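# Observations on chain architecture
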Amino acid sequence: MFSRMKGVKDILPDQIPVWSFVEKTAHEIARCYGFREIRIPFFEQTDLYVRGIGGTTDIVEKEMYTFLDRDGTSLTLRPEGTAGVVRAYIEHHLSQTPTARKLYYIGPMFRHERPQSGRFRQFHQFGVEAIGSTHPESDVEVITLLWRFFSSLSLPALRLEINSLGYHSEREQYKKTLLRFLQTVFSSLCQNCHRRMHTNPLRVLDCKVPSCRLATENAPQLLDYQPSSIHYFQQVLTGLDQLGIPYHINPRLVRGLDYYCLTTFEVLCGELGAQNAIGAGGRYDGLFETLGGPPTPAVGFAVGLERIIAVLPPSLIPSPPPLVFVAGFGENGKIAGRHLLEVLRSFGISADTDYQASSLKALLRSAHRYGASHTIILGDDEYQQKHVIIRDMQSKQQFITPIDSVIQALQPLLPKRGEPV
Ligand code: HAM
């Protein structure tokens, strides 16, 4: 007997309608904003992530699923989508395809994190990457898309937090100042922060340990060290104001991936527990060069689909398509039933039968078990008289209709595919 590995989920048939609905909404909204889908491999050379995400980040230090291929190449299951999209963009010279500068993806990611509610080792992201524009309106557009996606799913208790990490040079200057401050509160910081202080001091600011938060309350603020880039941030905020997107500036928001610069943002959901970030992103103008490409600005986000589905209002969850059961019995009724089954399916109606059951009683029992909304009863008598009986499985009411007008009789009775329950 095998069971699934820790931190991964089976998505069972009953859960598929909600997944399909969220994915469909993601496809539709991304297309509305002019994004085109890209599908990148589930694994890449390990070095792509080490260089792209940063060697001192949690993801690279502790969370990657890395293994040696048979030829000795080190490979890693994708922990996120941005590095792979950038690699593909550079490799396929997509800068020369003007229609492929705004890309989106939906699919599984893999991180070896400590599993808990809302945190998985295989999880799914919907991500977008807007490539090639240095304009703050691009940031605004991406954040607006993110917000509209959540609004169209009626997600509750959302809070958009935003910050600016400034340009690389400004950040390097700030890091020195921050390090000097952190040394003054050294004894109040946790062990993890003692280490991060020297590898990635900004991460100390978003440490969740209460003593670290308290100790860094009066830390110098990154936003005060951005003489050249603060104007950019203001333009992003003005753009959000103009479109009525509500946000909160969070000077501690530094994000756990190294490729970010300028705008960073995160959306938190008040109805989730500790793992309450349902989407996050930012600008990453330096990543293309880090990965060997030409300087190319870009901004994007990714959302965690498991977390969205956990808070999706049940009223939005569409019902599975209604099922019509064909109960063909008797010598001729059975053959006619098989034929009718194919006719229904060719009209896009979900139809099924039970090949094991031969009596009408057994067939009706199967129709119940399969959750059919209607059953078409077709025995030898009906076959001879060229009609069928259509039975509503809930009300148990039934009526007779000519066999060659079954589709017309049935169609108005069936709820439309995917209508909310
Ligand atoms: P991230 O913040 O690492 O960013 O992940 C984005 C979202 O993925 C999180 O807000 C969360 O909803 C979900 N997520 C992350 N880890 C897990 C997990 N272990 N279990 C469940 N959900 C999880 C990125 O991945 C960047 N690539 C986003 C981006 C795109 N930035 C620019 N473009």
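This write-up is about the structure you can find in this document. Residue positions are given per chain, counted from 1 along the sequence in the order it is written. Per-residue local features are limited, in this predicted model, to residues with pLDDT of at least 70; the limit for side-chain atom pairs, both in listing and counting, is 80 or more; totals at the level of whole chains, interfaces and linings are taken over all residues. Hydrogens and waters are ignored; side-chain quantities use all the structure's heavy atoms.

## A look at the nonpolar core
In terms of nonpolar packing, the biggest core is built from 49 residues, with Leu103, Leu182 and Leu189 touching the most fellow members. Among the elements that make up this core, the one with the highest residue count is helix H4 (residues 82-91) (5 residues). Beyond its immediate chain neighbours, meaning those up to four positions away, Leu189 contacts Leu182, His194, Met197, Val204, Cys212, Ala215 and Thr216. Leu146, Ile278, Leu305 and Ile308 belong to the second-largest nonpolar core, a separate cluster that totals 46 residues. Residue types Ala, Val, Leu, Ile, Met, Phe, Trp, Tyr and Cys, when buried and joined through side-chain atoms within 4.5 Å, form a set referred to as a nonpolar core. Exposure is judged per residue with a 1.4 Å probe applied to protein chains only, and the accessible area is read against the type maximum: over 50% gives exposed, under 20% gives buried, and values in between give partly exposed. Only DSSP runs of H or I reaching four residues or more are called helices, and only runs of E reaching two or more are called strands; each is numbered from the N terminus. Residue contacts follow a heavy-atom distance rule, with two residues in contact if any of their heavy atoms lie within 4.5 Å.

## Quick word on the packing of helix H1 (residues 16-32) against helix H5 (residues 136-152)
Here an axis means a line fitted to C-alpha atoms, over the contact stretch when the element is a helix, while the angle between two N-to-C directions is reported on a 0 to 180 degree scale. In the contact formed by H1 and H5, the axes pass within 10 Å of each other and the chain directions differ by 145°. At the point where H1 passes H5, the crossing takes the right-handed sense. On H5, the residues that touch Val22, Thr25, Ala26 and Ile29 of H1 are Leu145, Arg148, Phe149 and Ser152. Taken together, the residues of the contact of H1 with H5 break down into 5 nonpolar, 2 polar and 1 charged. The handedness criterion is simple: a crossing whose near helix is rotated anticlockwise from the far helix by less than a right angle is left-handed, and one whose near helix is rotated clockwise is right-handed. Each residue gets one label: Ala, Val, Leu, Ile, Met, Phe, Trp, Tyr, Cys and Pro are nonpolar, Asp, Glu, Lys and Arg are charged, and the others, such as Gly, are polar.

## A closer look at the sheet that holds strand S15 (residues 387-392)
Two strands pair under a simple rule: DSSP has to find at least two bridges between them. Here 5 strands make up an open sheet; going across it, the order is S13-S12-S14-S15-S16 and the pairing mixed. Of all the strands in the sheet, just strand S13 (350-352) and strand S16 (398-402) have a single pairing partner and so form its edges. Within the sheet, the average angular offset between the axes of one strand and its neighbour, ignoring direction, is 25°. Of the strand pairs in this sheet, strand S12 (residues 323-328) and S13 are connected by 3 bridges, and their pairing is parallel. Pairing of Leu323 across the sheet is with Ser350, part of S13. Where helix H12 (residues 331-346) meets the sheet, its contacts fall on S12, S13, strand S14 (374-378) and S15, and the angle it forms with S12 comes to roughly 160°. Relative to the sheet, helix H13 (residues 360-369) contacts S12, S14 and S15, its axis offset from that of S12 by approximately 170°.

## Observations regarding the packing of H5 against helix H9 (residues 230-242)
For the pair H5 and H9, the least separation of the axes is 9 Å and the interaxial angle reads 45°. Comparing their axes, H9 and H5 come out oblique. Note that H5 runs across H9; the crossing there is right-handed. Only Tyr232, Gln235, Val236, Gly239 and Leu240 of H9 make contact with H5, whose side of the interface consists of Pro136, Asp139, Val140, Ile143 and Thr144. A class-by-class count of the residues in the contact of H5 with H9 yields 6 nonpolar, 3 polar and 1 charged. Note on angle classes: values under 35 degrees are labelled roughly parallel, values over 145 roughly antiparallel, values of 65 to 115 roughly perpendicular, and the remainder oblique.

## Description of the side chain of Arg391
Looking at the secondary structure, you find Arg391 in strand S15. Only four residue types enter the charge count, namely Lys and Arg as positive and Asp and Glu as negative; His and the chain termini do not. Think of a salt bridge as a Lys or Arg side-chain nitrogen and an Asp or Glu carboxyl oxygen that are within 4 Å of each other. Here Arg391 occupies a buried position and makes no salt bridge, while the nearest side chain of opposite charge, Asp392, is found at 8.1 Å. Not counting residues within four places of it along the chain, the set of residues in contact with Arg391 comprises Leu364, Ser373, His374, Thr375, Ile377, Lys396, Gln397 and Gln398.

## Considerations on helix H6 (residues 168-184)
Take the residue count of a helix, subtract one, and multiply by 1.5 Å to get its expected span. An ideal rise of 1.5 Å per residue puts 24 Å on 17 residues; H6 measures up with 25 Å between its terminal C-alpha atoms. Listed in full, the buried residues belonging to H6 are Glu170, Arg171, Tyr174, Thr177, Leu178, Phe181 and Leu182. Taken down its axis, H6 places every buried residue within 145° of arc, on the same side. Of the exposed residues in H6, those oriented more than 90 degrees away from the buried face are His168, Ser169 and Arg180. Contact partners of the buried residues in H6: helix H7 (191-199), helix H8 (210-215) and strand S9 (261-269). This arc describes the spread of directions from the helix axis toward the C-beta atoms.

## Structural notes on the pattern of salt bridges
Considering all chains together, one arrives at 18 salt bridges under this definition. The partner of Asp47 in a salt bridge is Arg51, with the nearest N and O atoms 3.5 Å apart. Of this pair, Asp47 and Arg51 both sit in helix H2 (residues 46-53), 4 residues apart, which is roughly one turn of the helix. Judged by relative accessible area, Asp47 falls into the partly exposed class, the value being 39%. Judged by its relative accessible area of 45%, Arg51 falls in the partly exposed class.

## Description of the site of the ligand
Close contacts around the ligand come from 26 residues, with Glu80, Glu113, Glu129, Tyr260 and Ala277 the closest. What qualifies as a polar contact is a pair of N or O atoms within 3.5 Å, subject to a donor-acceptor requirement within protein and to the restriction that residues adjacent in sequence count only when both atoms come from side chains. Contacts to the ligand include Arg255, whose side-chain N or O atom sits 2.9 Å from an oxygen atom. For the ligand, an oxygen atom lies 2.8 Å from a polar atom in the backbone of Ala277. Surface accessibility follows the Shrake-Rupley procedure with a 1.4 Å probe radius. Residue values consider only the protein chains on display as shielding. With the chains in place, 96% of the 660 Å² that the ligand exposes on its own is no longer accessible. Elements represented by at least two residues in the shell around the ligand include exactly strand S6 (122-131), strand S10 (277-283) and strand S11 (298-304). Broken down by element, the residue count for the shell around the ligand peaks at 6 residues, all from S10. Grouping the constituent residues of the shell around the ligand by class yields 11 nonpolar, 8 polar and 7 charged. Throughout, near means a residue has at least one heavy atom within 4 Å of the molecule or strand.

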